[in-house]
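Residue-level structural notes
Read off the chains here:
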Amino acid sequence: MKRLTICLCTLFLLAPLALAGPATAADSGSIPGPGLTRIAENVYAYVDIRNSTPQNSFGANAGIVIGRDGILVVDTLVSAREAKRFIADIRAVSDKPIRYVVNTHYHLDHSFGNGEFAKLGALIIAHANDRKTMLQNGAAALQGAKDFGLSEADLAGTELAWPVIAFTDRLEIDLGEQMVELIYPGPSHTDGSLLVFLPDQKLLFAGDALFTGYHPFLAEGNLAAWVKALDAIAALDAQTIVPGHGPLAAGKDLAEMQEYLVIFDKLARELAAGSSDPEFIAGEMKKALPPRPEGESLIMANIRMKYLVESGAQP
Ligand SMILES: [Zn+2]
């Protein structure tokens, strides 16, 4: 496997580190949330977000890994306002410089806050496939964000910032006394969804390859490959897993996610072959799928955007 290790000392020379003062919840205009949950001694995350409105980043999780020399951020939420809330919460637990942002994938609820971190001098990293998609679609997605339920006010000040480092297989980052491995398990939720793994702690940020307690968005997924990717994720033997949405997870949740995808794909194909009515199909799907408390509207979105398109029933 190709590996590339980057060291903070080299990046110091390359990166303009314009460290600004910490933002506060007050000047971000957002409502202070419960803050970051401590997952390990040097790892914090938003997890198990119950309010999954667009304004609340669709309930996306995000987190940080703190090394001796700085902080690595995993995902940046949906807007400048949300990113400022995140930065305020980071500053409540560490004043170390924010060196890196890793986008687990390109979706807006995981990457539209990038600009606020770029302003702090953070280097943004993504998988090459999703970096390409971001460059192609990001501006249009920001323009059309009202289609996702986000108003101009919600996105005030939101500036896109692209990943400046991309990789295809693995990338190791030395934060100082904390190695972080970025791993590509093959296509899953998107073509370039990546994992953030702390091998010494067996701690994993799975991004949206794993949803717990949420129905997943899977309309852009390659479901057969995704099921295989979940095997690769399970092989890491992570003891603590931060999913892209939902509460903290473990190995059994990876198996449940696989089962969900298999059931969804089989049934959606069968139903879409005999009907072009998304409401009927979604109703039947709800009866068969394992219940999850959040994200039920995504069942119909997945039917419309993937299965009815593939069956030719929708453009
Ligand atoms: Zn996503």
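Refer to the structure printed above.
For clarity, every value in this text was computed on a predicted model and none was experimentally measured.

Looking at the overall build of the protein chain
Scanning the protein chain for helices and strands turns up 10 helices and 13 strands. A sequence separation of at least 24 residues applies to 69% of the contacts in the protein chain between residues at least 6 apart. Counting every atom, the protein chain has about 13300 Å² of accessible surface; 55% of that belongs to carbon and sulfur.

Quick notes on helix α9 (residues 278-288)
Residues lying three or four places apart along an α-helix face the same way, a consequence of the helix completing one turn every 3.6 residues. Among all positions in α9, only Pro278, Ile281, Ala282 and Met285 are buried. The buried residues of α9 all sit within an arc of 95° when viewed along its axis, so they share a single face. Across α9 from its buried face, at more than 90 degrees, point the exposed residues Glu279 and Lys287. Buried positions along α9 lie against α8 (251-274) and α10 (297-310). Two to three positions downstream of the cap, the backbone nitrogen of Glu279 sits 2.9 Å from a side-chain oxygen, assigning the N-cap of α9 to Asp277.

Digging into the layout of surface pockets
Its volume calculated, the largest pocket comes out at about 720 Å³. In terms of lining, the largest pocket is formed by 30 residues, of which the most central are Phe58, Leu108, Asp109, Phe148 and Phe217. Counting residues per element, the ones that place at least two in the lining of the largest pocket are α4 (108-111), α6 (128-143), β12 (203-211) and α10. Looking at side-chain class alone, the lining of the largest pocket contains 16 nonpolar, 10 polar and four charged residues.

Brief notes about the coordination of the zinc ion
Distances from the zinc ion to its protein donors, His105 (NE2), His107 (ND1), His189 (NE2) and Asp208 (OD), fall within 2.2 Å. In this structure, the zinc ion is coordinated by four donor atoms arranged in irregular fashion, with angles at the metal of 87 to 178°. Read in sequence order, the donor residues coordinating the zinc ion give the pattern H-x1-H-x81-H-x18-D. By relative accessible area, His107 is classed as buried at 9%.

A closer look at the sheet that holds strand β2 (residues 37-40)
In space, the seven strands of this open sheet follow the order β2-β3-β4-β5-β6-β7-β8, with mixed pairing throughout. The strands lining the two open edges of the sheet, one partner per strand, are β2 and β8 (165-167). Neighbouring strand axes in the sheet, compared pairwise and without regard to direction, differ in orientation by 25° on average. Pairing analysis gives three bridges linking strand β6 (residues 98-102) to strand β7 (residues 123-127), with the strands arranged parallel. For Tyr100, the partnering residue across the bridge sits in β7 and is Leu123.

With respect to the pairing of strand β4 (residues 62-66)
Most of β4 sits out of view: five of its five residues are buried. Taking every second residue as pointing to the same face, both faces of β4 are buried, with Ala62, Ile64 and Ile66 on one and Gly63 and Val65 on the other. Pairing geometry for β4 and strand β5 (residues 71-74), over four bridges, is antiparallel. Within β5, the residue paired with Ile64 across the bridge is Val73. The hairpin formed by β4 and β5 contains four residues between the paired strands.

Calculation notes
- Residues numbered from 1 in each chain as written.
- Predicted model: local features only at pLDDT ≥ 70, side-chain atom pairs only at ≥ 80, totals over all residues.
- Heavy atoms only, no water.
- Helix = DSSP H or I, 4+ residues; strand = E, 2+ residues; numbered from the N terminus.
- Contact = heavy atoms within 4.5 Å.
- Areas by Shrake-Rupley, 256 points an atom, 1.4 Å probe, with all protein chains shown as cover.
- Buried < 20%, exposed > 50% of the residue type's maximum accessible area, 1.4 Å probe, protein only.
- Arc of directions from axis to C-beta.
- Polar contact = N/O pair within 3.5 Å; in protein donor to acceptor, adjacent residues only side chain to side chain.
- 1 Å grid on protein atoms, 1.4 Å probe; cavity = no way out; pocket = protein on both sides within 12 Å on 5 of 7 lines; lining within 4 Å.
- Points joined across faces, edges and corners; volume = space filled by probe spheres on them.
- Nonpolar A, V, L, I, M, F, W, Y, C, P; charged D, E, K, R; others polar.
- Donors = N, O, S within 2.8 Å, 3.2 Å for Na, K, Ca; no water.
- Tetrahedral: all angles 85-135°; square planar, octahedral: opposite > 155°, others 65-115°.
- Pairing = 2+ DSSP bridges.
- Axes fitted to C-alpha atoms, helices over the stretch in contact; angles between N-to-C directions.

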